[in-house]
Amino acid sequence: MNFQTIADLVLGESRADQAEVLAMEQNESLTRFSNNCIHQNVTERNIQITVRSVLGTKVGIAVSNNVRPDSLRQLAVRAYEVARLQPDNPEFKGLPRPHRSTAVAAFDVEVAECTPEERAARVAVICRKAAASSCIAAGSMTTSSFSIGVANSTGVFAEHRSTMADASTVIMGNTSSGWAQSTGWRLNSINTEVLADEALWKVHRGANPVDFDPGDYPVILDPYATADLVEMLAFDGMGALSVQEGRSWMNGRLGQRVMSETVNIIDDALSADGIPLPFDFEGVPKKVMPIVASGVVLTPVFDSFTAGREEGKQSTGHATPPSPQGRFGPAPLNLFLRPGTVSLDDMIKSTKSGLYITRFWYTRTVHPRDAVVTGMTRDGTFVIRDGEIAHPVKSLRFTQSYVDALKATEAIGAMPRLLRSGFGGATSVPAVKLGQFRFTSSTK
């Protein structure tokens, strides 16, 4: 059943003052490997229909993955009945009105039609290279296609198709490990030979790590660690709801320069260098949003509800899917940390003493108002001495404000890496050099 038919059926059945239907269809295949061989190949196909009904300022939500006509009619009725039971919410200003969105290319047939044999051939490159180095590789490769459709009774109607390919591996030696990952919406953006070589370099250089005292050190972060900085800042407060509720690191910092002048963070869902999406989950066209410009905190992102709570604000096209479990609020899903001009080699050469970090692991927020995060380094942590990587060290635990960390930015790399994020989108980031980062304990 196509989306037009679904929308017509649901909206035609609804007795609400306003109604909205969101259809999301996912077709994702995963090839997973460990011990240098594939051990799992699975495909999941699912469609989720979410109906939002509005009665005055009351809102009801119902969700189903049954697209039979009778089920869709019942879904519209159920959303209406849920809305009747809700309290009034005078801050709700109604569903969005229609606006034309920009069409963006984000669908690659090679990804959508990628077979298990094709994924296996790419994974085999990593496994063979690891075995040839007497190492053990584990990881996965995912290929997926995604369709979204949004329609409401005010006239919104929008559809979009996209694809995503992602490959990651951790290669393990006797005393060390190395990580590599790559994401893109085109299949040719995934080069598993390059990923294997990158991870193996960390394995070989990271052999026999030694203890290292905690303390404050300059650090150079691989893009994998940089991505954690940017994504945790998004999770901890780049959405308007968290700012309005006073729990964001942006509170008290809007309009202020709190990061280095070299730091520019933008949400750009229209860029072909990310995973493009022309509209949000309410069907509102996405705006390109500078969130931090030259270190100055400019604005959070908005959906229609949070925009309606403030005078003069409009949705920036950053609504997340409505959920019966509660409101998550708007979120940036297509973040870019703008690259600089410095190579990774030059960052290392310019460092008298510090640490080179592959990625962070198990990061959790300690204090959202200051974006204080705790976590550990993983899969390659190295001492830099006199402009060279001197030797590997065991993983370290840190507790650090990510805002303060980016305030101490000394250089930003020239080569960004696109990485699938935990929010469902992807983040584009380069390596960065930070003048100070706090490590609180070592691991054994």
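See the structure printed just above.
What you see is a predicted model; the values in this text were computed from it and never measured.

Peer 1: Honestly, the sheet that holds strand S2 (residues 37-55) in this entry has me stumped. Any pointers?
Peer 2: Across a sheet, strands are paired by hydrogen bonds formed along the backbone, either parallel or antiparallel in direction. Within the open sheet, the 6 strands sit side by side as S3-S2-S1-S4-S5-S6. Their pairing is antiparallel. Since the sheet does not close on itself, it has two edges, and those belong to strand S3 (58-64) and strand S6 (177-184), each with one partner. In this sheet, adjacent strand axes meet at a mean angle of 15° when their direction is disregarded. Pairing of strand S4 (residues 136-152) with strand S5 (residues 157-172), which is carried by 16 bridges, proceeds in the antiparallel orientation. Bridging across to S5, Val-150 finds its partner in Ala-158. Sheet strands in contact with helix H1 (residues 3-13) are strand S1 (18-34), S2, S4 and S5, and its direction is about 140° off that of S1.

Peer 1: Help me out: how do you make sense of the environment of Gly-424 in this one?
Peer 2: In this structure, Gly-424 sits in the loop between strand S17 (417-420) and strand S18 (426-429). Note on Gly-424: relative accessible area 55%, which makes it exposed. Separated by 90 residues in the primary sequence, Gly-424 and Asn-334 place their C-alpha atoms 9.4 Å from one another.

Peer 1: Would you mind showing me how to read the packing of H1 against helix H2 (residues 69-84) here?
Peer 2: The angle between the axes and the distance between the axes are what describe a pair of packed helices. Running from amino to carboxyl end, H1 crosses H2 at an angle of 45°, the nearest separation of the two axes being 8 Å. Between H1 and H2, the angle falls in the class oblique. For the element pair H1 and H2, the recorded crossing hand is right-handed. Facing H1, whose interface residues are Ile-6, Leu-9, Val-10 and Glu-13, H2 presents Pro-69, Leu-72, Arg-73, Ala-76 and Val-77.

Peer 1: Please clarify how the packing of aromatic side chains should be interpreted in this entry.
Peer 2: Tallying each qualifying case throughout the model produces 11 aromatic pairs. Here Phe-3 and Phe-157 contribute two aromatic rings whose centre-to-centre distance is 5.3 Å and whose plane-to-plane angle is 35°, an arrangement assigned as tilted. Here Phe-3, found in helix H1, pairs with Phe-157, found in strand S5; they are 154 residues apart in sequence, far enough to count as distant. Take Phe-157: its relative accessible area is 37%, and that puts it in the partly exposed class. Taking 4.5 Å as the distance between ring centres and 45° as the angle between the ring planes, the aromatic pair formed by Phe-360 and Phe-398 counts as tilted. With a gap of 38 residues between them, Phe-360 in strand S12 (residues 353-367) and Phe-398 in strand S15 (residues 396-401) connect regions that are remote in the sequence. Residues Phe-360 and Phe-398 agree in their burial class; the two are buried. Through a chain of ring-to-ring contacts, three or more aromatic side chains come together here, namely Phe-212, Tyr-217, Phe-360, Phe-398, Tyr-402, Phe-437 and Phe-439.

Peer 1: I'm lost on the nonpolar core in this one. Help?
Peer 2: Nonpolar side chains tend toward joint burial in soluble globular proteins. In this structure, Trp-249, Leu-355 and Tyr-402 are the most contacted members of the largest nonpolar core, which totals 71 residues. Broken down by element, the residue count for this core peaks at 8 residues, all from helix H6 (residues 223-235). Apart from the residues within four sequence positions on either side, Tyr-402 is in contact with Asp-228, Leu-229, Met-232, Leu-233, Phe-360, Thr-363, Ala-371, Val-373 and Phe-437. Formed by 16 residues, the second largest nonpolar core is a distinct cluster that contains Leu-9, Val-21, Ala-23 and Ala-62.

Peer 1: Sorry if this is basic, but what is going on with the pattern of salt bridges here?
Peer 2: Pairing of side chains with opposite charge becomes possible as their charged atoms draw close. On inspection of all chains with the given rule, the structure shows 19 salt bridges. Among the salt bridges present, the one from Arg-247 reaches Glu-245, with a minimum N-O distance of 2.7 Å. Close ionic contact of Glu-410 with Lys-433 constitutes a salt bridge, the shortest N to O distance being 3.7 Å. Here Glu-410, found in strand S16 (residues 409-412), pairs with Lys-433, found in strand S19 (residues 432-442); they are 23 residues apart in sequence, far enough to count as distant.

Peer 1: Would you explain the packing of helix H4 (residues 116-132) against helix H5 (residues 192-205) in this entry?
Peer 2: Closest axis-to-axis distance for the H4/H5 pair is 8 Å, and the angle between their directions is 30°. Considering their axes alone, H4 and H5 lie roughly parallel with respect to each other. Read as a crossing pair, H4 and H5 show a hand that is right-handed. Residues Arg-122, Val-125, Ile-126, Lys-129 and Ala-130 of H4 pack against Thr-192, Glu-193, Ala-196, Asp-197 and Leu-200 of H5. Of the residues belonging to the contact of H4 with H5, the class tally is 5 nonpolar, 1 polar and 4 charged.

Peer 1: Help me understand the environment of Ser-304, please; the structure alone is not making it clear to me.
Peer 2: Locating Ser-304 in the fold gives a position in helix H8 (residues 304-308). Filtering out sequence-adjacent residues up to four positions away, Ser-304 remains in contact with Gly-94, Pro-96, Glu-282 and Ser-315. There is a polar contact of 2.7 Å between the side chain of Ser-304 and the side chain of Glu-282.

Peer 1: For this particular structure, what's the right way to read the pairing of strand S9 (residues 289-293)?
Peer 2: It is a general feature of regular strands that their side chains alternate between the two faces of the sheet. Where strand S8 (residues 265-267) lies against S9, 3 bridges are found, and the strand directions are antiparallel. In the strand pairing of S9, Ile-266 is matched with Pro-290. Taken together, the 2 bridges between S9 and strand S10 (residues 296-297) define a ladder with antiparallel strand orientation. Counted as the bridge partner of Val-292 is Val-297 from S10.

Rules and cut-offs
Residues numbered from 1 in each chain as written. Predicted model: local features only at pLDDT ≥ 70, side-chain atom pairs only at ≥ 80, totals over all residues. Heavy atoms only, no water. Pairing = 2+ DSSP bridges. Helix = DSSP H or I, 4+ residues; strand = E, 2+ residues; numbered from the N terminus. Axes fitted to C-alpha atoms, helices over the stretch in contact; angles between N-to-C directions. Contact = heavy atoms within 4.5 Å. Buried < 20%, exposed > 50% of the residue type's maximum accessible area, 1.4 Å probe, protein only. Parallel < 35°, antiparallel > 145°, perpendicular 65-115°, else oblique. Left-handed = near helix turned anticlockwise from the far one by under 90°. Phe/Tyr/Trp six-rings, centres within 6.5 Å; stacked < 30°, edge-to-face > 60°. Core = buried A, V, L, I, M, F, W, Y, C linked by side-chain atoms within 4.5 Å. Salt bridge = Lys/Arg side-chain N within 4 Å of Asp/Glu carboxyl O. Nonpolar A, V, L, I, M, F, W, Y, C, P; charged D, E, K, R; others polar. Polar contact = N/O pair within 3.5 Å; in protein donor to acceptor, adjacent residues only side chain to side chain.

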